[in-house]
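These are the residues of each chain, in order.
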Amino acid sequence: MRGRQTSQFYKHVLARKTPLTQRLFAVNMKLLTHNMLTSRVKGVMKGYPLLIKATEVKVNDVEFNPQFVIRMIPKLEWSALVQAAEELGQRQDLPGELVPQYEKDEEFLKRVHRVLLEVEVMEGCLQCPESGREFPISRGIPNMLLNEDEV
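These numbers come from a predicted model, not from an experiment.

J.: What should I look at first to understand helix H5 (residues 78-87) in this one?
T.: Each α-helix winds once per 3.6 residues, and so residues spaced three or four apart point in a common direction. Of all the residues in H5, the buried ones are Trp78, Ala80, Leu81, Val82, Ala84 and Ala85. Next to the buried residues of H5 lie helix H3 (31-34), strand S2 (51-59) and helix H6 (106-118).

Take a look at the structure:
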């Protein structure tokens, strides 16, 4: 899921305005968000996954919703999620490969939930793997805006 699809996805989810979606998609950048971001710098062919250079990471408790995690897993780029968790020192017991029949494995779903929704990057930057362009993260908000010469 990239670009326009990502924004349509967020519009759909946020339109539901339930307490859970408002907590899940609060301002701070979660690894769920990171998994869907890509560099759109002119000339970049492979702007995904963005590397995370965090100077401040926060872990907050978020109510476990197994059905939400089950619905999100097929939309994820699993290797990018594992890499991001590793970069932040938050991988813990997250396996390198998606486990078969994960829908029935509550412990696995809890590990994925933690990495996707509880780990938040508060300060730092995201770096394009091809161009090296850095996108700042300030107070949990990634700034993906491009300069005119980068469009």
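J.: Any chance you could explain H6 here in plain terms?
T.: Between its first and last C-alpha, H6 extends 17 Å over 13 residues, near the 18 Å set by a 1.5 Å rise per residue. Taken together, the buried positions of H6 are Phe108, Leu109, Val112, His113, Arg114, Val115, Leu116, Leu117 and Glu118.

J.: Even after reading the chapter, I still don't get the nonpolar core, so can you show me in this structure?
T.: Nonpolar side chains tend toward joint burial in soluble globular proteins. With 35 residues, the main nonpolar core has Leu31, Leu32, Ile73, Leu81, Leu94, Val112 and Leu126 as its most contacted residues. Top element by residues in this core is H6. It accounts for 6 residues. If near-sequence neighbours (up to four positions away) are discounted, Leu126 is found in contact with Met29, His34, Leu37, Leu50, Leu51, Ile52, Arg133, Glu134, Phe135, Ile137, Pro142 and Met144.

J.: Would you mind showing me how to read the pattern of salt bridges here?
T.: By the definition in use, this model includes 5 salt bridges. Between Glu120 and Lys30 there is a salt bridge, with the nearest N and O atoms lying 2.5 Å from each other. Here Glu120, found in strand S3 (residues 119-127), pairs with Lys30, found in strand S1 (residues 29-30); they are 90 residues apart in sequence, far enough to count as distant. The closest approach of N and O atoms between Glu150 and Arg133, which form a salt bridge, is 2.6 Å.

J.: What am I meant to see in the pairing of S3 here?
T.: For a regular strand, side chains alternate in direction, first toward one face of the sheet and then toward the other. With 8 of its 9 residues buried, S3 lies for the most part within the structure. The pairing of S1 with S3 spans 2 bridges and is classified as antiparallel. By the bridge assignment for S3, Met29 is matched with Val121. Here S2 runs beside S3; their pairing, made up of 8 bridges, is antiparallel. Residue pairing across strands places Val59 opposite Val119, the latter belonging to S3. By the bridge criterion, 4 bridges tie S3 to strand S4 (residues 134-138) in an arrangement that is antiparallel. Looking at the pairing, Gln127 lines up with Glu134 of S4. Connecting the antiparallel pair S3 and S4 is a turn made up of 6 residues, with Gly132 showing a positive phi of about 85°.

What counts as what
Residues numbered from 1 in each chain as written. Predicted model: local features only at pLDDT ≥ 70, side-chain atom pairs only at ≥ 80, totals over all residues. Heavy atoms only, no water. Buried < 20%, exposed > 50% of the residue type's maximum accessible area, 1.4 Å probe, protein only. Helix = DSSP H or I, 4+ residues; strand = E, 2+ residues; numbered from the N terminus. Contact = heavy atoms within 4.5 Å. Expected span 1.5 Å × (residues − 1). Core = buried A, V, L, I, M, F, W, Y, C linked by side-chain atoms within 4.5 Å. Salt bridge = Lys/Arg side-chain N within 4 Å of Asp/Glu carboxyl O. Pairing = 2+ DSSP bridges.

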